[in-house]
Amino acid sequence: MKRLIKPSFRNKDLPPFSCEFGGRGRVLDLPLIAWLTLIWVLLWSSLNWANVLTGVLVAVAVCLAFPLPRVDLGLRLHPWGILMLAGYLLYDMYTSGVRVTRQIFVGHPHRAAVIAVPLRCRSDLMLAATAVAVSNVPGGSVVEVRRATATVFLHVLDADRPAALDAARHSVWRLEELTVRAFGTPDEIARVAEPPPPIRHDRRDGT
Amino acid sequence: MSVWLQILDMAGAVLVFIGAAICLLGVIGMLRLPDVLSRSHAATKPQTLGMLLVLAGVALRLRSGMDLATLALIGFFQLMTGPVAAHLVARSAYRTGQTGHSELLFDELDEQLTEER
């Protein structure tokens, strides 16, 4: 008789922390189910067995109905790094709020620009996490992300001074390093410890 | 003891007020700034900060475990979804040319896009 649920330590083909459900090779990601259950319980705002059970049922149903492609995210959690990232994000959000407010009320029109910032890490998750972090801090909002070259394109509000552009670039690189130190694999952490890549200075209509 | 509770209530009310004021600043910014990309700055950053402050203020007034966790969840989703929405708006605005290219000081993305062709 075939088992209904086959966890990954019985079957080495499956990715870690997952189990095979049923005979047709549907793979359930256990951390994802735990996370969806947690969200369900939090949305009901009370922790009891009925909520946890219905949460698990709903999570399994959602995962079976909308299967995700099997990818290796390369997600690691470093608690100290996450704390550092959260602290810097809060501080940066405060300064960015102040700065954007000042730009709103300043009388003369500012000159905006779109700049390219090449990143050091290459994995999709780190790229996405860095882009999300960058959107929340001063310096720029993300216009475009190029995956092949791991480049983020930012819209910068006050591009009049070259110093402001350099500051925007360096804040992106600092955030990248913080993000990778919070969630990255050891390989990625070693990569962000290196100095940032050089910037091309061959603009046609330069500053 | 009730003095401390009153202080907490007061601090919560002040935080909610500051957060609402910052959200209002974002709205004013959306009205004053000239183009879509600049407006997306004003629409995302002060909004997120104001939203987090309102959540912190509400948390100071509610003060019960599960409610705090729900508020943290709301804040988490705000942080995760706001940038995605802003990026999609900015990207489609850029691709359809609604940025006022003449007003941009320089544009490194445009150079890369034209190199490809």
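Residues numbered from 1 in each chain as written. Chains lettered and ligands numbered in written order. Predicted model: local features only at pLDDT ≥ 70, side-chain atom pairs only at ≥ 80, totals over all residues. Heavy atoms only, no water.

**Considering the packing of aromatic side chains**
Next, step 1: For the structure on display, the rule yields 3 aromatic pairs over all chains.
Next, step 2: Site record: aromatic cluster; members linked through ring pairs are A:Trp35, B:Phe76 and B:Phe77. (Phe/Tyr/Trp six-rings, centres within 6.5 Å; stacked < 30°, edge-to-face > 60°.)

**Details of the side chain of B:His87**
Next, step 1: Looking at the element boundaries, B:His87 is found in helix H3 (residues 65–95).
Next, step 2: Of note is the side chain of B:His87, whose polar atom sits 3.3 Å from the backbone oxygen of A:Val142.
Next, step 3: Excluding residues within four positions of it along the chain, B:His87 makes contact with A:Val142, A:Val143, A:Glu144 and A:Val145. (Helix = DSSP H or I, 4+ residues; strand = E, 2+ residues; numbered from the N terminus. Polar contact = N/O pair within 3.5 Å; in protein donor to acceptor, adjacent residues only side chain to side chain. Contact = heavy atoms within 4.5 Å.)

**Description of the pattern of salt bridges**
Next, step 1: Applying the stated criterion across every chain, the model contains 6 salt bridges over all chains.
Next, step 2: Measuring nitrogen to oxygen at the nearest pair gives 3.1 Å for the salt bridge that ties A:Glu177 to A:Arg181. Placement of both A:Glu177 and A:Arg181 in helix H5 (residues 162–183) is noted, with a separation of 4 residues, approximately one turn of the helix.
Next, step 3: On the accessibility criterion, A:Arg181 (34% relative accessible area) is partly exposed.
Next, step 4: Residue B:Asp9 pairs with B:Arg63 through a salt bridge whose shortest N-O separation is 3.2 Å. Note that B:Asp9 is positioned in helix H1 (residues 2–32) and B:Arg63 in the loop between helix H2 (36–62) and H3, a separation of 54 residues in sequence.
Next, step 5: For B:Asp9, a relative accessible area of 25% translates into the label partly exposed.
Next, step 6: On the basis of relative accessibility, which here comes to 34%, the residue B:Arg63 falls in the partly exposed class. (Salt bridge = Lys/Arg side-chain N within 4 Å of Asp/Glu carboxyl O. Buried < 20%, exposed > 50% of the residue type's maximum accessible area, 1.4 Å probe, protein only.)

**Quick look at the nonpolar core**
Next, step 1: Grouped together as the largest cluster of nonpolar side chains are 22 residues, with contacts concentrated most on A:Ile115, A:Leu154 and A:Leu175.
Next, step 2: Residue assignment for this core shows that the elements contributing at least two residues are helix H3 (79–105), strand S4 (113–118), helix H4 (124–135), strand S6 (151–156) and H5 of chain A.
Next, step 3: Dropping the residues within four chain positions of it, A:Leu175 is found in contact with A:Leu85, A:Leu89, A:Ala133, A:Val134 and A:Val137.
Next, step 4: Judged by nonpolar contacts, the second largest core, of 7 residues, contains A:Phe153, B:Leu37, B:Ala90 and B:Tyr94. (Core = buried A, V, L, I, M, F, W, Y, C linked by side-chain atoms within 4.5 Å.)

**Looking at the packing of H1(B) against H2(B)**
Residues and elements named next belong to chain B.
Next, step 1: At their nearest, the axes of H1 and H2 sit 7 Å apart, and the two run at 170° to each other. Here H1 is positioned roughly antiparallel relative to H2, judged by the angle of their axes. Read as a crossing pair, H1 and H2 show a hand that is left-handed. (Axes fitted to C-alpha atoms, helices over the stretch in contact; angles between N-to-C directions. Parallel < 35°, antiparallel > 145°, perpendicular 65-115°, else oblique. Left-handed = near helix turned anticlockwise from the far one by under 90°.)

**Digging into the environment of A:Pro195**
Next, step 1: Within the fold, A:Pro195 resides in the segment after helix H6 (186–192).
Next, step 2: With 22 residues separating them in the primary sequence, A:Pro195 and A:Trp173 have C-alpha atoms 9.4 Å apart.

**Thoughts on the sheet that holds S4(A)**
Through backbone hydrogen bonds, the strands of a sheet pair up, either in parallel or in antiparallel fashion.
Next, step 1: Here we have 3 strands laid out as an open sheet, ordered S4-S6-S5 (chain A), and antiparallel in their pairing. Each edge of the sheet is formed by a strand with only one pairing partner; in this case those strands are S4 and strand S5 (141–146) of chain A. On average, each strand axis in the sheet is tilted by 25° relative to the strand beside it, whichever way the strands run.
Next, step 2: Bridge count for S4(A) against S6(A) is 6 bridges, and the pairing is antiparallel. Of the residues in S6(A), the one forming a bridge with A:Ala116 is A:Phe153.
Next, step 3: Contacts between H2(B) and the sheet are confined to S5 and S6 of chain A, with S5(A) contributing the most and set at about 110° to the helix. (Pairing = 2+ DSSP bridges.)

**Things to note about the confidence of the model for chain A**
All names here are of chain A.
Next, step 1: With 78% of its residues at a pLDDT of at least 70, chain A reaches an overall mean of 77.
Next, step 2: For chain A, per-element mean pLDDT is lowest for strand S1 (residues 5–7), which scores 67, and highest for helix H2 (residues 49–65), which scores 90.
Next, step 3: Low confidence marks residues 202–207, where pLDDT is under 50. Its contacts with residues over four positions away, or in another chain, come to 11 contacts. (pLDDT = per-residue confidence, 0-100.)

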